[in-house]
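Each chain, written out:
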Amino acid sequence: MKIESFLKEVPVFETERLLLRKVGLTDLEDVFEFSSDPEVAHHMTWEKNSSKEETLANFLQPAIEGYEEGQSGVWAIVYKKHDKVIGTCSLVDWSNEHHKAEIGYVLNKKYWGAGFAAEAVKEVIKYGFNTLKLNRMEGGCDIDNFGSEKVMLKLGMKFEGVLRKNEFIKGEFRDTKMFSILKDEFESTN
Ligand SMILES: CC(C)(COP(=O)(O)OP(=O)(O)OC[C@H]1O[C@@H](n2cnc3c(N)ncnc32)[C@H](O)[C@@H]1OP(=O)(O)O)[C@@H](O)C(=O)NCCC(=O)NCCS
């Protein structure tokens, strides 16, 4: 079965501190809180959002519309204790042919450094291997995005190399560090 068919039924994941579920229009306030933060946007391909309209048009609406066709692999990360969307994690790209997918994640700065990203993305990786039957999950980060690099290493992903001047971010070409985990590696540790 195609990845899109599974993604139409975006599953809910629950961990000790988090709930991962579809994003919705009522999340606008929370999503704007972190997408408008220049420090959060610094390593991302998108610019910090200047208005809620921008967050709605560029992120929330496309994500919500994409769910119907299985084109949107986006989960809101809800911190249960505060009943608040503190970030998102995603399958940003995938290939049915090659049985692989790429992960992405972003978190409200107030919640950095407490293990939330790793706790959330772990669920997406489990879903990728156990349900989507992927063979490879990959992720990339800016060469100096040390927090993101640490998240991927904590998740058992391996450093593969650097894609030189791979992305044009905030006016300059940036090198990307690539990481991946394979089905066999995941199964031997889970
Ligand atoms: C990257 C990001 C998601 C990490 O979220 P997080 O919840 O803080 O991640 P975790 O706490 O699970 O793990 C981060 C680890 O990196 C460490 N870390 C953070 N910044 C670091 C830095 N500059 N140098 C070294 N280590 C760093 C943290 O201490 C933590 O280590 P620990 O688990 O040993 O305590 C968050 O910083 C973020 O949203 N950044 C902006 C968006 C972004 O860059 N997304 C990724 C795009 S590739």
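Before reading further, recall that the structure is shown in the block above.
In this report, we go over the structure that sits alongside the text.

Here is what the cut-offs are and how they apply
Starting from 1, residues in each chain are numbered consecutively following that chain's sequence as written. This being a predicted model, a pLDDT of at least 70 is required before a residue's local features are given, and a value of 80 or more before pairs of side-chain atoms are given or counted; all residues contribute to the totals for chains, interfaces and linings. To get the side-chain values, all heavy atoms of the structure are used, and hydrogens and water are removed first. The numbering of helices and of strands both runs from the N terminus, where a helix is a DSSP run of H or I of at least 4 residues and a strand a run of E of at least 2. In this setup the radius of gyration rests on C-alpha atoms only. A globule is expected at 2.2 Å times the number of residues raised to 0.38. Burial classification: accessible surface area is computed with a 1.4 Å probe over protein chains only, and a residue below 20% of its type maximum counts as buried, one above 50% as exposed, and the rest as partly exposed. It only takes one pair of heavy atoms within 4.5 Å for two residues to be counted as in contact. Only the protein chains shown count as cover for residues, and all accessible areas are computed by the Shrake-Rupley method using a 1.4 Å probe. Angular values range over 0 to 180 degrees, each being the angle between N-to-C directions of two axes fitted as lines to C-alpha atoms, with helices fitted over their stretch in contact. The labels follow the angle: roughly parallel below 35 degrees, roughly antiparallel above 145, roughly perpendicular from 65 to 115, and oblique for the rest. Under the scheme applied here, ten amino acids are nonpolar (Ala, Val, Leu, Ile, Met, Phe, Trp, Tyr, Cys and Pro), four are charged (Asp, Glu, Lys and Arg), and all others, including Gly, are polar. Being near a molecule or strand, for a residue, means having at least one of its heavy atoms within 4 Å of it. For the purposes of these results, a polar contact is taken to be a pair of N or O atoms within 3.5 Å, where, inside protein, one atom must be able to donate a hydrogen and its partner to accept one; residues adjacent in sequence count only when each atom of the pair is a side-chain atom. By nonpolar core is meant a set of buried Ala, Val, Leu, Ile, Met, Phe, Trp, Tyr and Cys residues that side-chain atoms within 4.5 Å join together.

### A word on the overall build of the protein chain
Here's step 1: Looking only at helices and strands, the protein chain has seven helices and eight strands in total.
Here's step 2: The C-alpha atoms of the protein chain give 16 Å as radius of gyration, which agrees with the globular expectation for 190 residues (16 Å, within 12%).
Here's step 3: Taking the principal axes of its C-alpha atoms as reference, the protein chain extends roughly 45 × 35 × 30 Å.
Here's step 4: Buried residues in the protein chain amount to 47% of all 190 residues.
Here's step 5: A separation threshold of at least 6 residues defines the contact pool for the protein chain, and within that pool the share at least 24 residues apart is 63%.
Here's step 6: When the accessible surface of the protein chain is totalled, it reaches about 10100 Å², and 50% of it is carbon and sulfur.

### Observations concerning the packing of helix 2 (residues 28-35) against helix 4 (residues 52-69)
Two numbers describe a pair of packed helices, the interaxial angle and the distance between the axes.
Here's step 1: Where helix 2 contacts helix 4, the two axes come as close as 10 Å, and the packing angle between them is 95°. It follows that helix 2 is roughly perpendicular to helix 4 by the angle criterion. Contacts between helix 2 and helix 4 involve L28, E29, V31, F32 and S35 on the former and, on the latter, K52, T55, L56, F59 and L60.
Here's step 2: When the residues that make up the contact of helix 2 with helix 4 are grouped by side-chain class, the tally is six nonpolar, two polar and two charged.

### Quick word on the site of the ligand
Here's step 1: Of all residues adjacent to the ligand, which total 21 residues, the nearest are G113, G115, N145, K150 and K154.
Here's step 2: Contacts to the ligand include G115, whose backbone N or O atom sits 2.7 Å from an oxygen atom.
Here's step 3: Separating an oxygen atom of the ligand from a side-chain N or O atom of K154 is a distance of 2.5 Å.
Here's step 4: Burial of the ligand by the surrounding chains reaches 72%, relative to a free accessible area of 940 Å².
Here's step 5: Looking at the shell around the ligand, the elements with two or more residues in it are strand 5 (100-107), helix 5 (116-130), strand 6 (136-142) and helix 6 (146-154).
Here's step 6: Across the shell around the ligand, the residue classes break down as 13 nonpolar, six polar and two charged.

### As for the nonpolar core
Here's step 1: Membership of the largest hydrophobic core comes to 50 residues, with the highest contact counts inside it found for L20, W75, C89, L91 and I125.
Here's step 2: The element contributing the most residues to this core is helix 5, with eight residues.

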